[in-house]
Amino acid sequence: MTPPLAHTAIGANPSPSTTGGIHRGGRPVAITNSTPASITAAVNKVYNSGHNKPVVFSQGPAIMAWTLLNTKNGKNSLLTSHPLPNTGRVVITGNPTDGWTLVEWDGIRNFS
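Residues numbered from 1 in each chain as written. Predicted model: local features only at pLDDT ≥ 70, side-chain atom pairs only at ≥ 80, totals over all residues. Heavy atoms only, no water.

1. With respect to the packing of helix H1 (residues 36-49) against helix H2 (residues 60-70)
Applicable threshold: Angles here are taken between N-to-C directions and fall from 0 to 180 degrees, while the axes themselves are lines fitted to C-alpha atoms, restricted in helices to the stretch in contact. Helix and strand definitions follow DSSP, with helices as H or I runs of at least four residues and strands as E runs of at least two, each counted in order from the N terminus. Oblique is the label for every angle not falling under 35 degrees (roughly parallel), over 145 degrees (roughly antiparallel), or within 65 to 115 degrees (roughly perpendicular). For this analysis, residues touch if any pair of their heavy atoms sits within 4.5 Å. Polar here means any residue outside two lists: the nonpolar Ala, Val, Leu, Ile, Met, Phe, Trp, Tyr, Cys and Pro, and the charged Asp, Glu, Lys and Arg; Gly therefore counts as polar.
Axis separation between H1 and H2 bottoms out at 11 Å; the angle between their running directions is 80°. Relative to H2, H1 is oriented roughly perpendicular. Contacts between H1 and H2 involve Pro36, Ile39, Thr40 and Val43 from the former and Ala62, Trp66 and Asn70 from the latter. Tallied by class, residues from the contact of H1 with H2 come to five nonpolar, two polar and no charged.

Here it is, written out as structure tokens:
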């Protein structure tokens, strides 16, 4: 699967080409190219920041691609059976060392 090229607002500042800022909730936010490597670097930086409930914003295709490429239990069939709507969300748990687990895909919680 090749992820789309888009822009992603992520709670970290992962690269020199990133424009950073602060989200209204006080969480750090940055804009980065949404390649798998740049999103992974940003997610790792968010994890390492110590925020206990970080929020990451992006365009749906980037969220869908990164989530399905990087979670242990993500099902590729979600791309066609339930693509994320414009205001959809995913919830993941885990860490960069042990990996990520998909908890929720726009209200879906059973991935077996």
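2. Notes on H1
Put simply, the test is: Each helix should span, by expectation, one fewer than its residue count multiplied by 1.5 Å. Each residue is placed in one exposure class: buried if its accessible area under a 1.4 Å probe, protein chains only, is under 20% of its type's maximum, exposed if it is over 50%, and partly exposed if it falls in between. Each direction from the helix axis to a C-beta atom contributes to the arc, which is the arc of those directions.
For H1, which comprises 14 residues, the first-to-last C-alpha distance of 20 Å matches the rise-based estimate of 20 Å (1.5 Å per residue) to within 8%. Buried within H1 we find Ser38, Ile39, Ala42, Val43 and Val46. The arc that holds every buried residue of H1, seen down its axis, measures 135°, which confines them to one face. Away from the buried face of H1 by more than 90 degrees, exposed residues Ala37 and Asn48 are located. In the stretch just after H1, Gly50 is the one whose phi turns positive, near 90°.

3. Examining the packing of aromatic side chains
Selection criterion: Two rings from Phe, Tyr or Trp (for Trp, the six-membered ring) form a pair when their centres are within 6.5 Å of each other. A pair whose planes differ by under 30 degrees is stacked, one over 60 is edge-to-face, and the rest are tilted.
Under the criterion given, the structure shown has one aromatic pair. Measuring from centroid to centroid gives 6.0 Å for Tyr47 and Trp100, while their planes differ by 80°, and the two rings are edge-to-face. Placement of the pair is Tyr47 in helix H1 and Trp100 in strand E6 (residues 99-105), with a sequence separation of 53 residues. Relative accessible area serves as the criterion here: at 41%, Tyr47 is assigned to the partly exposed category. For Trp100, a relative accessible area of 10% puts it in the buried group.

4. Let's talk about the nonpolar core
How we decide: Take the buried Ala, Val, Leu, Ile, Met, Phe, Trp, Tyr and Cys residues and link them wherever side-chain atoms come within 4.5 Å; each set so joined is a nonpolar core.
With eight residues, the main nonpolar core is built from Ile63, Met64, Leu68, Leu78, Leu84, Leu102, Trp105 and Phe111. Going through the elements one at a time, H2 and E6 are the ones with two or more residues in this core. Counting residues per element, this core draws most heavily on H2, at three residues. Those residues in contact with Met64, other than ones at most four positions away along the chain, are Leu79, Pro83, Leu84 and Trp105. Ile39, Val43, Ala62 and Trp66 belong to the second largest nonpolar core, which has five residues in total.

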